[in-house]
Amino acid sequence: MSTLSHLIENNRRWAQGVNSRQPDFFRRLAAQQSPRYLWIGCSDSRVPANEIVDLLPGELFVHRNVANVVVHTDLNCLSVLQYAVDVLRVEHVLVVGHYGCGGVRAARQGRPLGLIDNWLRHVQDVADRHRGFLASLQDEAQAEDRLCELNVIAQVHHVARTTIVQDAWARGQPLALHGWIYGLSDGLVQDLGIDADSPARLQAGYANALARITGAAR
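Owing to the predicted nature of the structure, the values given are computational and were not obtained by experimental measurement.

About the criteria used
- Residues numbered from 1 in each chain as written.
- Predicted model: local features only at pLDDT ≥ 70, side-chain atom pairs only at ≥ 80, totals over all residues.
- Heavy atoms only, no water.
- Salt bridge = Lys/Arg side-chain N within 4 Å of Asp/Glu carboxyl O.
- Helix = DSSP H or I, 4+ residues; strand = E, 2+ residues; numbered from the N terminus.
- Buried < 20%, exposed > 50% of the residue type's maximum accessible area, 1.4 Å probe, protein only.
- Axes fitted to C-alpha atoms, helices over the stretch in contact; angles between N-to-C directions.
- Parallel < 35°, antiparallel > 145°, perpendicular 65-115°, else oblique.
- Contact = heavy atoms within 4.5 Å.
- Nonpolar A, V, L, I, M, F, W, Y, C, P; charged D, E, K, R; others polar.
- Core = buried A, V, L, I, M, F, W, Y, C linked by side-chain atoms within 4.5 Å.
- Pairing = 2+ DSSP bridges.
- Lys, Arg positive; Asp, Glu negative; His and termini not counted.

S.K.: How would you explain the pattern of salt bridges if you had to name every residue and give the values?
M.R.: According to the stated counting rule, one finds 12 salt bridges in the structure shown. A salt bridge links Asp 86 to Arg 171; its shortest N-O distance comes to 2.7 Å. Highlighted residues: Asp 86 in helix α4 (residues 75–87) and Arg 171 in the loop between α9 (163–170) and β4 (176–182), separated in sequence by 85 residues. In this structure Arg 171 comes out as partly exposed when scored by relative accessible area, which is 43%. In this structure, Arg 121 and Asp 125 form a salt bridge, with 3.1 Å as the shortest nitrogen-oxygen distance. You can see Arg 121 and its partner Asp 125 sitting in helix α6 (residues 116–129), 4 residues apart, about one turn around the helix. Owing to a relative accessible area of 35%, Arg 121 belongs among the partly exposed residues under this scheme. Residue Asp 125 is classed as partly exposed on the basis of its relative accessible area, which comes to 31%.

S.K.: Provide a residue-level description of the packing of helix α5 (residues 102–109) against α6, including the pertinent values.
M.R.: Running from amino to carboxyl end, α5 crosses α6 at an angle of 75°, the nearest separation of the two axes being 9 Å. On the basis of their axis angle, the class for α5 and α6 is roughly perpendicular. Side by side, α5 and α6 meet where Gly 103, Val 104, Ala 106 and Ala 107 of the first sit next to Leu 120, Val 123 and Gln 124 of the second. A breakdown of the residues in the contact of α5 with α6 according to their chemical character gives 5 nonpolar, 2 polar and no charged.

S.K.: Outline the side chain of Arg 146, listing residues and values.
M.R.: Looking at the secondary structure, you find Arg 146 in helix α8 (residues 140–160). Classification of Arg 146 by relative accessible area gives buried; the value is 18%.

S.K.: Got a sec to walk through the nonpolar core? Specific residues and values, please.
M.R.: Counting 54 residues, the largest nonpolar core has Leu 38, Leu 81, Val 93, Val 159, Leu 175 and Leu 177 as its most contacted members. The leading source of residues in this core is α8, at 10 residues. Setting aside its immediate chain neighbours within four residues, Leu 81 contacts Leu 38, Val 93, Val 159, Thr 162, Ile 164 and Val 165. Core analysis: the second largest hydrophobic core is formed by 8 residues, Trp 39, Val 47, Ile 52 and Leu 60 among them.

S.K.: For the sheet that holds strand β1 (residues 37–42), give the residues involved together with the corresponding values.
M.R.: Strand order across the open sheet formed by 5 strands is β2-β1-β3-β4-β5, with mixed pairing between neighbours. The open sheet terminates on both sides in strands that have one partner only, identified here as β2 (60–65) and β5 (189–196). Between one strand and the next, the sheet's axes are offset by a mean angle of 20°, whatever the strand orientation. Where α8 meets the sheet, it contacts β1, β3 (92–98), β4 and β5, and its direction lies at approximately 160° from that of β4.

S.K.: Help me get a handle on the side chain of Asp 74, residues and values and all.
M.R.: Among the structural elements, Asp 74 can be located in the loop between β2 and α4. Of the side chains bearing the opposite charge, Arg 64 lies closest to the buried Asp 74, which forms no salt bridge; the N-O distance is 13 Å. Contact partners of Asp 74, with chain neighbours within four places excluded, come to His 63, Asn 65 and Trp 119.

S.K.: So what about unusual backbone geometry? Which residues, and what values?
M.R.: At Asn 68, a residue that is not glycine, the phi angle is positive and equals roughly 45°. Here Asn 68 shows up in the loop between β2 and α4. For Arg 89, which is not glycine, the phi torsion reads 60° and is therefore positive. Looking at where Arg 89 falls in the secondary structure, it is placed in the loop between α4 and β3.

Written out as structure tokens, the structure is:
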């Protein structure tokens, strides 16, 4: 059996480096976590949440799954969201997709991959809603990129429709939702323009974000 001693060694060097720069860092981190942000992103190993936004451990609460999908029956995702909003009192929820997403590509191509096909059906639902627009694009890579963006916008809308977020807004808790997309080729995040901190702003933000991508008024 191969060992993972090199990863343990990496960990030791990392911990020593942190301790040399901030001797009390781990003591403070162990005492509590107080992140202002919840990141809902893709499980892709090329999309490291903390590093992308240059935040330290303890500053970003994270939930990841294939294709950054938010489903109202996914108790894992909902539990993370509820804990982040109700207990940690995060101020921002970021739904972050990325270009070149293998899950989005598989959903668009309809290639059978096994059990995960059931999960990717949620992304296919997004593609179905925008079938005409995606078909109008001449370049397949462009269509795939637009579906990555449309999927983020749909998932932000799903987050906003959860009872967790609706209840937080109803009691006046400051909570803003955002949709971003990350570029693997340049390491840059783009704001997709769907931002909401209330039910009233949700629909306008959702419509405007879709219009920016599809060029059609919604």
